[in-house]
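What follows is the residue order along each chain.
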Amino acid sequence: MAWLKKLSGAVIVLGGAAAAAGWALSAPVRFDAGAIAQLGPGDAAKGKRIFYAGGCTSCHSKPGAQGDARLQLAGGLELKTPFGTFVPPNISQDRKDGIGAWSEEDFANAMLKGVSPSGEHLYPAFPYASYARMKPADIADLYAFMKTLPAVAGKAPDHKLSFPFTIRRGIGLWKLLYLSPEPVIALPDGTPDKVLAGRYLVEGPGHCGECHTPRDFAAGVKKGEWLAGSVAAEGTGVVPNITPDGKSIKDWSEADIANYLETGFTPDFDSVGGAMVEVQKNMAQLTADDRAAIAAYLKAVPPHPNGYPAHKPAS
Amino acid sequence: MRKLVLAISMLAFAGSAAFADPIQERQALMKERGKLAGQLSKVVKGEEDFDAGAVLTTLKALQANAEKFDAEKLFPAGSDQGDTTAAPKIWEDMAGFKAAEDKFLANTKEAVASPPGDVDGLKAQLNTLGGDCGACHQSYRIKKG
C-alpha cells in the first residue's frame, strides 16, 4: 500500500526524532482506570454491527476467506510495502495464539490507543488512528461479539520489516501528531442526526479515510483533503475522490451511494472493484439506516479536488 | 454528399460488425453486462414488476455475453496500455483471470437452467452474479483517476 510505504519512511524519520526529542514523549499511553470503567459490559448482538463496520475480517481472516471462514480471524494476509510486509496477526479467541486471554481493557487499549497488553506501540497499519474516534460502549460491544467467534490455533507469520522500522518506540511521536479522538469534520449545530451518525461510521469504525485520503510526508492522513482520494496501494491505480467533487460520486444521489454500499453496483451498473470489494461486503451487513447515514455524510463533507494526479494514458 | 452519406454508413457498419480494438470490444461487452445486471436490479429493487419471462430473457443474454467473452482474444499482450482499467495482473495470472470468468459463466448457466420464480429468488441469483463481477474486478481491474 502506497501509504504504508510512506508510513515506513515516517517511522525512520520519527524513529530518529524519538531519540532526539526524548524517550519520554514516545512512551505508550494506556487508559486510566476511570476511562475503563466507562466501558461497561458489552452486548454481543450490537457488537456484530461494529465488527462489520470496522472491517476487521478484511484484514484478519485468512487471505481469500469466504462465508463463515471470514469469522476465523487467524491473520496471515500480507500488506506489502517496499520497506517490508505487515502481517495482521491472529485475533481469534485462541488463548495462546490469538487474543482469547485479553481483558476488555487490553482490547480497548489496542483499539483506541494503539497499545498492546505488554505496553508496546502497535503499527498504525492497524487503523487505530480511525478507531480512536469510536465510542467506548461500541468497543465493549465489539469485545463481547469477538468473544463469540471461534478460537483458531496458529500464529500468523511475523511482519517482515527491516531496521529501523522494527523499532516500535518511534510510533509514539507519530501518535502525538495523528492520534486524536476528535471528529475530522466539524459539523455545525443543528446538523441532522443522520449526518452525525454517518460521520461516526465513516471517521471511526469504517476507517474510510485511511484509503480515501492522501497522506503527508509522515504518512499521516491530510485532514485538509479529507476523502479527496489517493494513489492506491499498487502505485498504479487510485482510490477515488468521494467528496461531493469526486468524478463519479458528484452525479450519485444519496440513494445511489447507499445502493452501491449494499449491492456493489454503481448507478450505471459498473461493479465495485479493487480493495473496495471487501469493504462493500462488510457494508452489505449493516442496516439500511447505517448505509443511508454514511451516504448523507458523504454528501455533507467539504468538496475537494482529486488528491491524486490526473491520469495520462501511456501509449 | 452521397459519398459522404455512404462513407458514414460504412463507418457505422464497420463499427457494429467488429471492433478493431480489443479494448473497445471488451469494454462494450462489459457495458452490456452492466446494462443487463441493471435490468435485473430494477426488478429486485421493486422499480419494475417481476415478469418471469423477461427475467429469463435477461439471464440468457447474460449467459450469451459471458460465452462471447474470449479472454485470450480480448486481452492480447500489450493491451494493458491505453484507455483501459484492466490491471496488469491479468497478464501475470491469465489462468486466475480465466477462472474468474468461468465461474461467472457457470453461474449464468445455472441461473438460466433454474430461473427464479419470484423476486426473492432473483435477488439471491443477482447476489451471486454480482459477487462474481466484484470478485474479478477486485483483482483484475484498477481505477486510474
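This is a predicted model, so every value here is computed, not measured. (Residues numbered from 1 in each chain as written. Chains lettered and ligands numbered in written order. Predicted model: local features only at pLDDT ≥ 70, side-chain atom pairs only at ≥ 80, totals over all residues. Heavy atoms only, no water.)

## Considerations on the pattern of salt bridges
- Taken as a whole and judged by the stated rule, the model has 15 salt bridges over all chains.
- Between Glu225(A) and Lys222(A) there is a salt bridge, with the nearest N and O atoms lying 3.7 Å from each other.
- Lys222(A) gets classed as partly exposed once you look at its relative accessible area, which sits at 31%.
- With its nearest N and O atoms 3.9 Å apart, the salt bridge here joins Glu47(B) to Lys45(B).
- Linked by salt bridges that have partners in common, Arg70(A), Glu278(A) and Lys281(A) make up one network. (Salt bridge = Lys/Arg side-chain N within 4 Å of Asp/Glu carboxyl O. Buried < 20%, exposed > 50% of the residue type's maximum accessible area, 1.4 Å probe, protein only.)

## Let's talk about the interface of chain B and chain A
- Between chain B and chain A, the residue contacts involve 18 residues of the former and 19 residues of the latter.
- For the pair chain B and chain A, the summed buried area comes to about 1,700 Å², and 58% of that belongs to carbon and sulfur atoms.
- Of all residues in chain B, Gln138(B), Lys143(B) and Gly145(B) bury the most surface against chain A, accounting for 29% of the area lost on that side.
- The interface formed by chain B and chain A includes one salt bridge.
- Where Arg141(B) meets Asp270(A), a salt bridge forms, and the shortest distance between an N and an O atom there is 2.8 Å.
- Where chain B touches chain A, the interface holds five residue pairs in polar contact (both at pLDDT 80 or more). (Contact = heavy atoms within 4.5 Å. Buried area = accessible area lost by both parts, 1.4 Å probe. Polar contact = N/O pair within 3.5 Å; in protein donor to acceptor, adjacent residues only side chain to side chain.)

## Thoughts on helix 3 (residues 44–54) of chain A
Residues and elements named next belong to chain A.
- Along helix 3, the residues classified as buried are Gly47, Ile50, Phe51, Tyr52, Ala53 and Gly54.
- Here helix 3 starts with a cap whose side-chain oxygen sits 2.9 Å from the backbone nitrogen of Ala45, and that cap is Asp43.
- Positive backbone phi, approximately 65°, marks Gly55, located one or two places after helix 3. (Helix = DSSP H or I, 4+ residues; strand = E, 2+ residues; numbered from the N terminus.)

## A look at the packing of helix 6 (residues 94–113) of chain B against helix 7 (residues 119–140) of chain B
Residues and elements named next belong to chain B.
- Look at helix 6 against helix 7: their axes get within 10 Å of each other, and the N-to-C directions meet at 170°. On the basis of the axis angle, helix 6 is roughly antiparallel to helix 7. In this structure, helix 6 uses Gly96, Phe97, Ala100, Lys103, Phe104, Asn107, Thr108 and Ala111 to contact helix 7, whose residues at the interface are Gln125, Thr128, Leu129, Asp132, Cys136 and Tyr140.
- A breakdown of the residues in the contact of helix 6 with helix 7 according to their chemical character gives seven nonpolar, five polar and two charged. (Axes fitted to C-alpha atoms, helices over the stretch in contact; angles between N-to-C directions. Parallel < 35°, antiparallel > 145°, perpendicular 65-115°, else oblique. Nonpolar A, V, L, I, M, F, W, Y, C, P; charged D, E, K, R; others polar.)

## Examining the environment of Ala219(A)
Residue and element names in this part refer to chain A.
- Summarising the element assignment, Ala219 is placed in the loop between helix 10 (209–212) and strand 4 (230–231).
- Judged by relative accessible area, which is 0%, Ala219 ranks as buried.
- Placed 95 residues apart in sequence, Ala219 and Pro124 show a C-alpha to C-alpha distance of 9.7 Å.

## Considering unusual backbone geometry
All names here are of chain A.
- Although it is not a glycine, His207 adopts a positive phi angle of roughly 40°.
- Although it is not a glycine, Leu227 adopts a positive phi angle of roughly 65°.
- Its place among the elements puts Leu227 in the loop between helix 10 and strand 4.
- Residue class for Leu227 comes out buried when judged on its relative accessible area of 0%.

## Examining the packing of aromatic side chains
- For the structure shown, the criterion picks out 14 aromatic pairs over all chains.
- The interplanar angle of 75° and the centroid separation of 5.7 Å between the aromatic rings of Phe126(A) and Tyr128(A) together place this pair among those described as edge-to-face.
- Given a relative accessible area of 23%, Phe126(A) falls into the partly exposed group.
- A relative accessible area of 0% means that Tyr128(A) is categorised as buried.
- Ring plane angle 55° and centroid distance 5.8 Å describe the contact between Phe69(B) and Phe75(B), whose orientation is recorded as tilted.
- For Phe75(B), a relative accessible area of 7% puts it in the buried group.
- One aromatic cluster in this structure is built from Phe69(B), Phe75(B), Trp91(B), Phe97(B) and Tyr140(B).
- Across the ring face of Phe69(B), the terminal group of Arg33(B) is positioned such that the distance to the ring centre comes to 4.9 Å. (Phe/Tyr/Trp six-rings, centres within 6.5 Å; stacked < 30°, edge-to-face > 60°. Lys NZ or Arg CZ within 6 Å of the ring centre and 35° of its normal.)

## Examining the domain arrangement of chain A
Residue and element names in this part refer to chain A.
- Domain boundaries in chain A define domain 1 (39–182) and domain 2 (183–307).
- Listed by partner, the interface residues are 21 residues for domain 1 and 24 residues for domain 2.
- Roughly 2,000 Å² is buried in total at the junction of domain 1 and domain 2, and carbon and sulfur atoms are behind 51% of that figure.
- The interface formed by domain 1 and domain 2 holds two salt bridges in total.
- The closest approach of N and O atoms between Glu278 and Arg70, which form a salt bridge, is 2.9 Å.
- Where domain 1 meets domain 2, there are 11 residue pairs in polar contact (both at pLDDT 80 or more).
- For the side of domain 1 that touches domain 2, the secondary-structure elements that each account for two or more residues are helix 3, helix 4 (56–60), helix 6 (128–131) and helix 8 (171–178).
- Top element by residues in the side of domain 1 that touches domain 2 is helix 3. It accounts for four residues.
- Looking at side-chain class alone, the side of domain 1 that touches domain 2 contains nine nonpolar, six polar and six charged residues. (Domains from an automatic or database assignment.)

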